[in-house]
Amino acid sequence: MPSVSEILDSMDYGPSPEQNSHVKEWLGRHKDGFRHFIGGAFTASSGKQWIEVSNPANAETLGRVPQGTAGDIDHAVKAARKAYKSWSRLSGHERARHLYALARHIQKRERFLAVLETMDNGKTIRESRDIDIPLVARHFYHHAGWAQLMESEFSGYGPAGVCGQIIPWNFPLLMLAWKVAPALAAGNTVVLKPAEFTPLTALAFAEICMEAGLPPGVVNIVTGDGETGASLAKHPDVDKIAFTGSTEVGRLIREATAGSGKKLSLELGGKSPFIVFEDADLDAAVEGVVDAVWFNQGQVCCAGTRLLLQEAISERFIAKLRKRMESLRVGDPLDKSVDMGPLVAPVQLARVTALVKKGESEGGTLLQAPSPLPAKGNYFPPSLFVDVDAASTVMQEEIFGPVAAAMTFRTPEEAAAIANHTRYGLAASVWSENINVALDAAARMKAGVVWINSTNLFDAAAGFGGYKESGFGREGGREGLYEYLVPAWSKNLAAGAEDAAPVSATPSADAAANVVDLIDRTAKLFIGGKQARPDSGYSYALASPKGARIGLAGLGNRKDIRNAVEAALKGSAWSSASAHNRAQVLYFLAENLAARADEFANRIKQFGAPVQAARKEVDTALARMFYYAAQADKYDGRIHSTNSKKQTTLAFNEPWGIIGLVCPNELPLLGMISLLMPALAMGNRAVLVPSQAQALVATDFYQVLETSDVPAGTVNIVTGARDELARTLAEHDEVAALWYLGSAAGSAMVEKASAGNLKPTWVNNGKRIDWFAAEQGEGHDYLRRATQVKNIWIPYGE
Amino acid sequence: MMNDMTHGLGGNALTRNSGMPLALPMFEKAQVNTAAAERRAATLGTRRSVKKEYQAAWLVKAVQCIDLTTLAGDDTAGRVHRLCEKARRPVREDIQEKLGLSESLKVGAVCVYPAMVPHAVKALRGSGIPVASVATGFPAGLTPLKIRLAEIRYAVDEGAGEIDIVIFREQVLHQDWQALHDEIAAMREACGAAHLKAILATGDLKTLRNVYKASMVAMQAGADFIKTSTGKEDVNATLPVSLTMVRALRDFGEQTGFKIGFKPAGGLRTAKDAMNWQILMKEELGRRWLEPDLFRIGASSMLADIERQLEHYVTGRYAALSHHPMA
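Residues numbered from 1 in each chain as written. Chains lettered and ligands numbered in written order. Predicted model: local features only at pLDDT ≥ 70, side-chain atom pairs only at ≥ 80, totals over all residues.

To continue, consider the overall build of chain B. Looking only at helices and strands, one finds 13 helices and eight strands in chain B. A compact globule built from 327 residues should have a C-alpha radius of gyration of about 20 Å, and chain B, at 19 Å, falls within 12% of that. Its C-alpha atoms put chain B at 55 × 45 × 40 Å along the principal axes. The buried share of chain B, taken over its 327 residues, is 58%. (Helix = DSSP H or I, 4+ residues; strand = E, 2+ residues; numbered from the N terminus. Rg over C-alpha atoms; globule rule 2.2 N^0.38 Å. Buried ≥ 20, exposed ≤ 12 C-beta atoms within 10 Å, placed from the backbone.)

Okay, the overall build of chain A next. Helices and strands together make up the secondary structure of chain A, namely 28 helices and 31 strands. A compact globule built from 798 residues would reach a C-alpha radius of gyration of about 28 Å, and chain A, at 28 Å, matches this within 12%. With the C-alpha coordinates of chain A rotated into their principal frame, the extents come out at 110 × 60 × 45 Å. Within chain A, buried positions represent 60% of all 798 residues. For chain A, long-range pairs separated by at least 24 residues make up 74% of all intrachain contacts whose partners lie at least 6 apart in sequence. (Contact = placed C-beta atoms within 7 Å.)

Often, the extent of an interface is quoted as the loss of accessible area upon association of its parts. Counting residues at the interface gives 32 residues for chain A and 30 residues for chain B. Mapped onto the side of chain A that touches chain B, the elements with two or more residues apiece are helix 1 (4-10), helix 6 (125-153) and helix 11 (282-293) of chain A. Residue contributions to the side of chain A that touches chain B peak at four residues, all from helix 1 of chain A. Partitioned by chemical class, the residues of the side of chain A that touches chain B number eleven nonpolar, nine polar and twelve charged. (Nonpolar A, V, L, I, M, F, W, Y, C, P; charged D, E, K, R; others polar.)

Here the focus is unusual backbone geometry. All names here are of chain B. For the bond running from Phe138 to Pro139, omega is 0°, close enough to zero to count as cis. Of note, Pro139 is situated in the loop between strand 3 (131-135) and helix 6 (145-157). Positive phi outside glycine occurs at Lys52, with the angle close to 55°. Positionally, Lys52 belongs in helix 2 (residues 52-65). Backbone geometry at Lys206 places phi at a positive 70°, although glycine is not the residue there. One can find Lys206 in the loop between helix 9 (202-205) and helix 10 (208-220).

All names here are of chain B. The sheet built from eight strands is open, its strands ordered 7-6-5-4-3-2-1-8 with parallel pairing. Two strands close off the open sheet at either side, each with one partner strand: strand 7 (261-263) and strand 8 (297-299). On average, each strand axis in the sheet is tilted by 25° relative to the strand beside it, whichever way the strands run. Bridging between strand 3 and strand 4 (residues 162-166) involves four bridges; their strand directions are parallel. Among the inter-strand pairings, Ala132 is bridged to a residue of strand 4, identified as Glu162. (Pairing = 2+ DSSP bridges. Axes fitted to C-alpha atoms, helices over the stretch in contact; angles between N-to-C directions.)

Before going further, it helps to examine the sheet that holds strand 15 (residues 403-409) of chain A. Residue and element names in this part refer to chain A. Spatially, the ten strands line up as an open sheet ordered 13-14-15-12-11-16-17-31-25-24, and their pairing is mixed. Strands at the two margins of the open sheet, each flanked by one partner only, are strand 13 (365-368) and strand 24 (638-640). If you compare each strand with its neighbour and ignore which way they point, the axes differ by 25° on average. Judged from the four bridges that link them, strand 13 and strand 14 (residues 383-386) form a sheet pairing that is antiparallel. In the strand pairing of strand 14, Leu366 is matched with Phe385.

What follows concerns the pairing of strand 3 (residues 50-54) of chain A. Residues and elements named next belong to chain A. Two strands pair when backbone bridges link them, and strand 3 and strand 4 (residues 61-66) are joined in this way by five bridges, in the antiparallel orientation. For Ile51, the partnering residue across the bridge sits in strand 4 and is Val65. Between strand 3 and strand 4, which follow one another and run antiparallel, lie six residues, and Ala59 among them has a positive phi close to 65°.

As a further point, take the nonpolar core. It is characteristic of soluble globular proteins that their nonpolar side chains tend to be buried jointly. Among the nonpolar cores identified, the biggest contains 290 residues, and Ile275 and Val450 of chain A together with Val110, Ala120, Ile167, Ala218 and Ile226 of chain B are the most heavily contacted of them. The dominant element in this core, judged by the number of residues it contributes, is helix 7 (residues 172-185) of chain A, at eleven residues. Split by domain, the residues of this core number at least three in each of domain 1 (20-244) and domain 2 (273-465) of chain A. With residues up to four places along the chain from it excluded, the contact list for Ile275 of chain A reads Leu308, Ala415, Ala419, Ala428, Ser429, Val430, Trp431 and Ala441 of chain A. Of all hydrophobic cores here, the second largest spans 92 residues; its members include Leu593, Leu669, Leu688 and Leu741 of chain A. (Core = buried A, V, L, I, M, F, W, Y, C linked by C-beta atoms within 7 Å. Domains from an automatic or database assignment.)

Residue and element names in this part refer to chain A. For Lys759, the position within the fold is in the loop between helix 26 (744-753) and strand 30 (761-763). Residue class for Lys759 comes out buried when judged on the 27 C-beta atoms lying within 10 Å of it. C-alpha separation for the pair Lys759 and Glu414, spaced 345 residues apart in sequence, amounts to 26 Å. Once you skip the residues sitting within four places of it in the chain, Lys759 turns out to touch Val735, Ala736, Ala737, Leu738 and Ser754.

When two helices pack together, their arrangement is given by the angle between the helix axes and by the axis-to-axis distance. Residue and element names in this part refer to chain B. Two elements in contact, helix 10 and helix 11 (residues 239-256), have axes whose closest approach is 9 Å; the angle formed by their N-to-C orientations is 40°. In terms of axis orientation, helix 10 runs oblique to helix 11. Handedness of the crossing formed by helix 10 with helix 11: right-handed. Across the interface between the two elements, Leu208, Val211, Tyr212, Ser215, Met216 and Met219 from helix 10 touch Pro240, Val241, Thr244, Met245, Ala248, Leu249 and Phe252 from helix 11. Of the residues belonging to the contact of helix 10 with helix 11, the class tally is eleven nonpolar, two polar and no charged. (Parallel < 35°, antiparallel > 145°, perpendicular 65-115°, else oblique. Left-handed = near helix turned anticlockwise from the far one by under 90°.)

Domain boundaries assigned for chain A yield domain 1 (20-244), domain 2 (273-465) and domain 3 (524-635 + 655-786). Of note, the centres of domain 1 of chain A and domain 3 of chain A, computed from C-alpha atoms alone, are 43 Å apart.

As a further point, take the packing of helix 4 (residues 92-108) of chain A against helix 6 of chain A. All names here are of chain A. In the contact formed by helix 4 and helix 6, the axes pass within 7 Å of each other and the chain directions differ by 170°. Considering their axes alone, helix 4 and helix 6 lie roughly antiparallel with respect to each other. Between helix 4 and helix 6, the residues in contact are Gly92, His93, Arg95, Ala96, Leu99, Tyr100, Leu102, Ala103, Ile106 and Gln107 and Val136, Ala137, Phe140, Tyr141, His143, Ala144, Ala147, Gln148, Leu149, Met150 and Glu151, respectively. Classifying every residue of the contact of helix 4 with helix 6 by side-chain character gives 14 nonpolar, five polar and two charged.

What follows covers the environment of Gly298 of chain B. All names here are of chain B. Relative to the elements of secondary structure, Gly298 occurs in strand 8. Taking the C-alpha atoms as reference points, Gly298 and Arg16, separated by 282 residues in sequence, lie 21 Å from one another. Other than its neighbours up to four places away in sequence, Gly298 contacts Asp67, Thr69, Cys111, Lys227, Gly231, Lys263, Pro264, Ala265 and Gly266.

Next up on the list: helix 13 (residues 302-315) of chain B. One turn of an α-helix holds 3.6 residues; hence residues three or four places apart share an orientation. Residues and elements named next belong to chain B. For helix 13, built from 14 residues, the straight-helix expectation of 20 Å at 1.5 Å per residue is met to within 8% by its first-to-last C-alpha distance of 20 Å. Buried within helix 13 are the following residues: Met302, Leu303, Ala304, Asp305, Ile306, Glu307, Gln309, Leu310, Glu311 and Tyr313. Lining the buried residues of helix 13 we find helix 2, strand 1 (66-69), helix 4 (93-99), helix 12 (271-284) and strand 8. (Expected span 1.5 Å × (residues − 1).)

Following this line, the structure appears as structure tokens:
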């Protein structure tokens, strides 16, 4: 022990260990092995395998948890299903009391949970104590409030049912809170599988559930690895899966749940840009990098690891950052003066090491913090790559470790282009003291969260979640709750959506036209504002239900879909038009359709509808067009009351960009309008596959589009074999979202094929929606599905 | 009492800031993001923790950096004498012994009004503790320049080794940097060998951008130290303001090579405050800025709290205020 005089020379910080005897005592109590938490009791696994849980700082064993079996999962799902009956029937107030009790108990156990989290995960005690656990309590408080308000704020909605929740190891208890709190508030029950590296705080939470008097079966926790998670994702009696983790596993879950009717939300990887403009407070931005990249050892899905620096300040910024790296302290995460602990597991250390080696072999210059590393444990130093560019591996791949890579840009426009040129879209951090530069950059970001002059701010009141392959769905805030709610009417839909028959592209004598009383009409595809012949050169015949030949429609193929998507990509004008402007165009569309109402009614009648029904379909379509024209400038975003006094958090409803719309076979006009109008109202461009059997209604409709000032590329119509075209759309990586209203098999196919770029899908699983009923056929549900929420955080103050 | 070129610790002498003509490019584009500065300031003390013997050492170091201050309208020769005695023996001898300090502890300086300088000089004779005098129409600084300069010369003539001047706030609020620079430069000249600490009265400047720019101008004009507050503004030393000033100081050092000192003053009362500011200095500037030639804490009641903490360290028991001699 150095003397006071010696320390007066060195002025070192010295050791400052957080005491962990209480946690050790708790671990000692469980030294024979933890158990699953099922139906309100700690329950032995039906299997015999165990997972050893170790402290990443020193490789010491903390305990062991059962490797959950499919049987364990089934047991837990049954317990959740049983509890669901009573839990979902509790009043919002009753559920609020339970969530409030959980929040209070978490606060009373805050230091215990913080120390345990640090020992299990390796994150510093500063972070677990000041960030993770307070956010956990905050999440339960906030959602106690939502439980209370459920009836008044979400009338017409009900819980999804039994939720399977699979969480990662980087924020173990916080991710549990993000999953469990909204699920419970909305009236769901849950089966949660924590990550195999970090299951301990979830099991401590199970004890807290008992302490707080939560009814048995409302929360069930089954430990295990990816296999256990897969059993949960595939379980037939689970209504909703929420997953946070890698994009790779997210894709597997999307495929595994395809066609099951399960709701799904995915919060996946990222490679978020951190943009520093020349007029930024550079010292502030340097601290931003510390909190973006070296927070939680960089094991953060939204870490701003792509540093984009404006050329004028790049050199100075790197110099400041290098200087700052000198004072970072890496070491025992229980030490209160440590900035960075170990990575969670040896396998992560190996992965990060390999990626960094690759970065060096590609010519990147690696700069690392000089802090000494402990001899034992999975430590990796804070690292920064310079002399890299957009094509470098370390600029493209999510490293999930404490490694940033920096490159320069010239103009705000270029910054946005580089920032968005990625498969991910989770978060972005933008640094500028100029409000125009900052807000413009924030608006351009294709990301679910944008922090202006800040980074890694989180709060229960704001949604978190990504664009593109960073996943879909939001966690937190009002937008997050919808992931755990379904419209009440949707639970009772019957099967019976019309299937699409096989298409024949050959001439047929059976269905000869009766009389040529008009000049023959040629229905084409409609792509990029122009009528286009199908690439195949084939047509298919359309007939009335009684077999009367009505005409031929183009047999679109995958190349037509490709061309339609190209056209939609170029038609970005619609997405940047003002909401008022979009409303005007939609009203004008309705006006022009109304002028041809008789013609459309006749066309619908040709396909077999009775006169009255045909007329009603046109009239309802017109009303629906007005509804969405009206909503175009009224479906507003929100300002979230996030937990800081000088800060505003703006939640924008942004369009997806290009949306694929596969229309129901029945009600060729109303079905199409019901999908197309909300998509257009919110600023999407559509590639639309109309009713296969009654496609001529859609090809008549493009003439209305042509006369209504709809910009080229905004709506593209490809007729043909529905499910074949749907598959091409689902597989197309430039299509950002896809709605499919067809058969059960087609729904499964679409969901599975969408896993490529993880586009969110909405499918009907073959159920019949009553398009005439406003409750089912129009409303906020459609607008919400037509948008994704971007939260822009703006701390302010002078 | 110190030669013109150096001040501070023998083996680690500093080259005194020679000052320079006003150089707008060094600060006119300066940006300070207040929210980010507040976030950084709020977590400085949560990212570092100093315990046990380390804490004792840090607190001893803090004592060495204290400018023990009395700036009250009812100051008398007797009051100043008492303060100077405390400055010579800031911590009870039995505690010092148990801490095992190799030399006897003393504070950084004693800070008084100009009229009290003769009393302080007399009381501190032979101690090696410099007398710091506030001057230039402290605290508002609104007397004519001629009189403000005369006040400096008076204090220096009476034996003050350090002069804590106040700036003319209007020059900052009007962004009249040339005028601010020229006045401070004139004050520096009037100081001669005495060191100039420029009090920015940051509570009056309000914005951190103003604080940064005023810091830069003061350093360009030749300030040896920049100091936050008089203790008389509505808001005195805060961590975000201090953070902004030390960053300005760091930028100035990078561009000129001069190491400038920093002195927070006003509102620092506890041992915990001392540690927070020490952590700020070490994190933003480095270990060198923990020494009294580059860091001072303007305080009066803080010392008593530090003494109690040190007694607790050596005895393991919590201490009573009345067991330590009054300042």
